[in-house]
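Coordinate analysis (summary)
Chain by chain, the residues run as shown.
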Amino acid sequence: MTTIDASLFDDLQKRGLIAQTTGGDVLADYLASGSRTLYSGFDPTADSLHIGHLVPLLALKRFQQAGHKPIALVGGATGLVGDPSFKAAERKLNTPDIVAGWTDKLKAQVSRFIDFDSGENAAEVVNNLDWVGDMNVLDFLRDVGKHFSVNNMINKESVKQRIDREGAGISFTEFTYMLLQSYDFAELYKRHNCTLQIGGSDQWGNITGGIDLARRMYSGETYGMTLPLVTKSDGTKFGKTESGTVWLDPAKTSPYAFYQFWLATADADVYKFLRYFTFLPLADIAAIEEEDKAAQGRPQAQSVLAREMTALIHGEQGLQAAERITEALFSGSLDQLDESDLEQLKLDGLPSSELARDQLGDKTLTQWLVDAEMAASGKQVKDALGRGAVTINGAAISFEENLDAAACFAAERAKFGRFYVAKLGKKKYHLFQVG
RNA sequence: GCAGGGGUUCCCGAGUGGCCAAAGGGAUCAGACUGUAAAUCUGACGCGCAAGCUUCGGUGGUUCGAAUCCACCCCCCUGCACCA
C-alpha cells in the first residue's frame, strides 16, 4: 500500500501553486485520504516543451512523490485541432505527420520527469489520439456533443474575446477543442479511474468541461485544479529571452543557456520561483530568503535556483557543463583554461563556430560577429566597438581594427593556435575556432 | 454589394509634395553605476566600416522632387443592405 503524504495540498497552497480548485476543502480531504490518479495534458505545438510547461509537469511529480499516480497525456489528437483558450487569433493547423513527430518527442521528454517503476502509483504516458483517432463523427456528435450546451460554451471566459471581438472570430474546429479535452478526462476516468485533472489556469474552462462530461457519461465524481500562470514582477512575459523561448530540449537551449536564464532572475521573482519550480522544502527557501536579506550585496537565491533547475532538467552532467562555462567566462580568467578546457566549453554548449583562416579577410569583423549571431546588426557591433565592449581573447578590439578581421584573429592572439573567445558586451560570448 | 474609416520602420503611433531613414513612446542593444541585478543616467536603434543603398500594403503614374497627389489592385475595420 502506497503511503500518502497528507500535507501535499497544504504544501502546494503555501508554494502558491494552487490557482483554483473545484470542490474546495473536499479536494484536500480527498487527496489526503487515498492514492488518487490524476492527469495533465501537453499538446504538441512544437518539437519540445518549454519552461512554461514546467509548472504542471513538475506538479505531476509532486503528486507522485506524495503517493498519487500521475498520467501525462500528450495531445496527439488535441494538437491537431488547437486550443483556442485565451488565444487572440485562430492558429494555423499543423500537418498530421508533423504533429505525430512532435507527439513522440514530447512523450520522451515528459517521461523523464515522472517515475514509471514505483509500483502502485507508477506513472503512465498516454496519447489521446489512441481513443479519439478512430472515432467517427456521428458517434462523437451523439455521445459527446449532446452533453454540451453551446450557450454555455459561448459564455466561457476563455473564448470570449474571440466571440465578442469583431474581426477575430473562431472556427468551428477550435470551438470544438473543449469537447475533445473534456472527452479525454471522461475517457481517463473510465479507463484509469482518473479523478483529477490539473493544468494551467487558462485550462479552467476545459477542465470543468471534462468534469461535467465525466459526470454525465459515467456519473463520475471528479475534480479539477489549476496552477497559476507564471508572471514576472516587471510585467514582461516569463520564459522568453532576447534569443527566444527557453526550451527543455538541450539541443534547442543548451544547459549553459538554461542555467544563465535562471541566474538572471530578478530579485523580486526569485523566491517565488524557488517555491514554484524547485523541490526544496519551503523552510529551506525561507531560510535562503532570510540570509539574503541579512547579507548585503549579491543574493544567493539565483544561483540556488539555477543549480536546482539545471540539475533537474539536464542532470548533474548538464549542470556541471553549465557551471564550467559560467566559471570560466565570468569568474576565472581565460588564461587559466587549457586546451582541453576550451574543447570542453565547445562540447558544453558555449556558442561556437569555425572559421577558415584564409577567408578571414573576406568580411569585416562586424560581419563575422553578426554571422555568429552575437549581434543583430553590424551597427550594434560598431557601437560596442566604439565603447571598447568587444574583446577577443581578452584584448579589446578597436574601431579601426574592424576592417581587418584577419588581424583581429591574428595567429599570435590565438589560444593553442586556433581558439578565440570573443566577448561582446558583458554577457555574450562566442568561441571561434580558426583553422 | 453600397457607404465611410484605415494599412508608416520590432510594437504602439505622429507625419498630407522638398528641411523624412521618417516625431514621440515602448521593446531591444551597448556604456556608466552595480551583484552577469533593479532603479537611474548616456549612446545606438532600416542595411552598410564607408561611399552609399533600400523603406512608409501592392503596381503603375503625375512631378525637378512623393510616406504624402492620381489610377487600379490587395487586406483590415465600421455601418447598411443582401442571403433564391
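To find leftover empty space, a probe the size of one water molecule is rolled over the atoms. The final tally for this structure, using the stated rule, is one cavity of 30 Å³ or more. Of the volumes computed, that of the largest cavity is approximately 70 Å³. Contributing to the lining of the largest cavity are Pro84, Ser85, Met153, Lys156, Ser158, Val159, Glu174, Phe175, Tyr177, Met178 and Asn206. Where the lining of the largest cavity is concerned, the elements lending two or more residues are helix 9 (157–164), helix 10 (172–175) and helix 11 (177–192). The residue makeup of the lining of the largest cavity, split by class, is six nonpolar, three polar and two charged.

What follows is about the sheet that holds strand 1 (residues 20–21). The sheet built from six strands is open, its strands ordered 1-6-5-2-3-4 with mixed pairing. Two strands in the sheet have a free side with no partner beyond their single neighbour: strand 1 and strand 4 (124–127). Both strand 5 (residues 194–200) and strand 6 (residues 223–227) contribute to a ladder of five bridges, which runs parallel. Across the sheet, residue Gly200 finds its bridge partner in strand 6, namely Leu227. Across the sheet, helix 5 (residues 96–111) lies against strand 2 (37–42), strand 3 (69–74) and strand 4, angled at about 165° from strand 4, the strand it touches most.

We now examine the pairing of strand 6. For strand 6, the buried fraction is high: five of the five residues fall into the buried class. Direction of pairing for strand 1 relative to strand 6: antiparallel, over a ladder of two bridges. Looking across to strand 6, one finds that Thr21 is bridged to Met225. Taken together, strand 5, helix 12 (residues 204–218) and strand 6 form a β-α-β motif whose crossover is right-handed.

Moving on to the nonpolar core. Counting residues in hydrophobic clusters, the biggest one holds 58 residues, and the most contacted among them are Leu54, Trp262 and Phe277. Among the elements that make up this core, the one with the highest residue count is helix 16 (residues 301–331) (eight residues). Split by domain, this core shows at least three residues from each of two domains, domain 1 (8–227) and domain 2 (240–332). Once residues lying within four places of it in the same chain are set aside, the contact partners of Leu54 are Ala59, Leu248, Trp262, Phe277, Met309 and Ile313. Listed in part, the 26 residues of the second largest apolar core include Leu73, Phe148, Met153 and Ile207.

Non-glycine residue Asn393 carries a positive phi angle of around 50°. Considering the arrangement of structural elements, one finds Asn393 in the loop between strand 10 (390–392) and strand 11 (395–396). Phi at Phe416 takes a positive value of approximately 55°, unusual for a residue other than glycine.

Here the focus is the packing of helix 14 (residues 267–277) against helix 16. Running from N to C, helix 14 and helix 16 cross one another at 35°; their axes reach a closest spacing of 9 Å. In the crossing of helix 14 with helix 16, the sense of the turn from one axis to the other is left-handed. Taken together, the residues of helix 16 that come into contact with helix 14 (itself represented by Asp267, Val270, Tyr271, Phe273, Leu274 and Phe277) are Ala301, Gln302, Val304, Leu305, Met309 and Leu312. Residues that form the contact of helix 14 with helix 16 fall into these classes: 10 nonpolar, one polar and one charged.

On to the packing of aromatic side chains. Tallying each qualifying case throughout the model produces 16 aromatic pairs. Taking the centre distance of 6.2 Å and the plane angle of 70° together, the rings of Tyr276 and Phe277 count as edge-to-face. Classification of Phe277 by relative accessible area gives buried; the value is 0%. Members of the aromatic cluster, connected to one another through ring pairs, are Phe238, Phe258, Phe261, Trp262, Phe273, Tyr276 and Phe277.

Strand pairs in the sheet, formed through backbone hydrogen bonds, run parallel or antiparallel to each other. One open sheet holds the five strands; their spatial order is 9-13-12-10-11, and the pairing between them is mixed. With partners counted over all chains shown, the strands left at the sheet margins are strand 9 (352–355) and strand 11, one partner each. Packed onto the sheet, helix 17 (residues 339–348) meets strand 9, strand 12 (419–424) and strand 13 (428–434) and runs at close to 55° relative to strand 12.

Applying the stated criterion across every chain, the model contains 14 salt bridges. Of the charged contacts in the structure, one is a salt bridge between Glu124 and Lys69, with a shortest N-O distance of 3.2 Å. Of this pair, Glu124 sits in strand 4 while Lys69 sits in strand 3; the two residues are 55 residues apart in sequence, bridging distant segments of the chain. The class of Glu124 is partly exposed, set by a relative accessible area of 26%. Of the charged contacts, one joins Lys346 and Glu343 as a salt bridge, the two residues approaching to 4.0 Å between their closest N and O atoms. Placement of both Lys346 and Glu343 in helix 17 is noted, with a separation of three residues, approximately one turn of the helix. Salt bridges linked by common partners bring Glu339, Glu343, Lys346, Glu354 and Arg418 together as one network.

The domains assigned to chain A are domain 1 (8–227), domain 2 (240–332) and domain 3 (351–434). Using only C-alpha atoms to locate each centre, domain 2 and domain 3 end up separated by 29 Å.

What counts, and at which threshold
- Residues numbered from 1 in each chain as written.
- Chains lettered and ligands numbered in written order.
- Predicted model: local features only at pLDDT ≥ 70, side-chain atom pairs only at ≥ 80, totals over all residues.
- Heavy atoms only, no water.
- 1 Å grid on protein atoms, 1.4 Å probe; cavity = no way out; pocket = protein on both sides within 12 Å on 5 of 7 lines; lining within 4 Å.
- Points joined across faces, edges and corners; volume = space filled by probe spheres on them.
- Helix = DSSP H or I, 4+ residues; strand = E, 2+ residues; numbered from the N terminus.
- Nonpolar A, V, L, I, M, F, W, Y, C, P; charged D, E, K, R; others polar.
- Pairing = 2+ DSSP bridges.
- Contact = heavy atoms within 4.5 Å.
- Axes fitted to C-alpha atoms, helices over the stretch in contact; angles between N-to-C directions.
- Buried < 20%, exposed > 50% of the residue type's maximum accessible area, 1.4 Å probe, protein only.
- Right-handed = clockwise from strand over helix to strand, strands pointing away.
- Core = buried A, V, L, I, M, F, W, Y, C linked by side-chain atoms within 4.5 Å.
- Domains from an automatic or database assignment.
- Left-handed = near helix turned anticlockwise from the far one by under 90°.
- Phe/Tyr/Trp six-rings, centres within 6.5 Å; stacked < 30°, edge-to-face > 60°.
- Salt bridge = Lys/Arg side-chain N within 4 Å of Asp/Glu carboxyl O.

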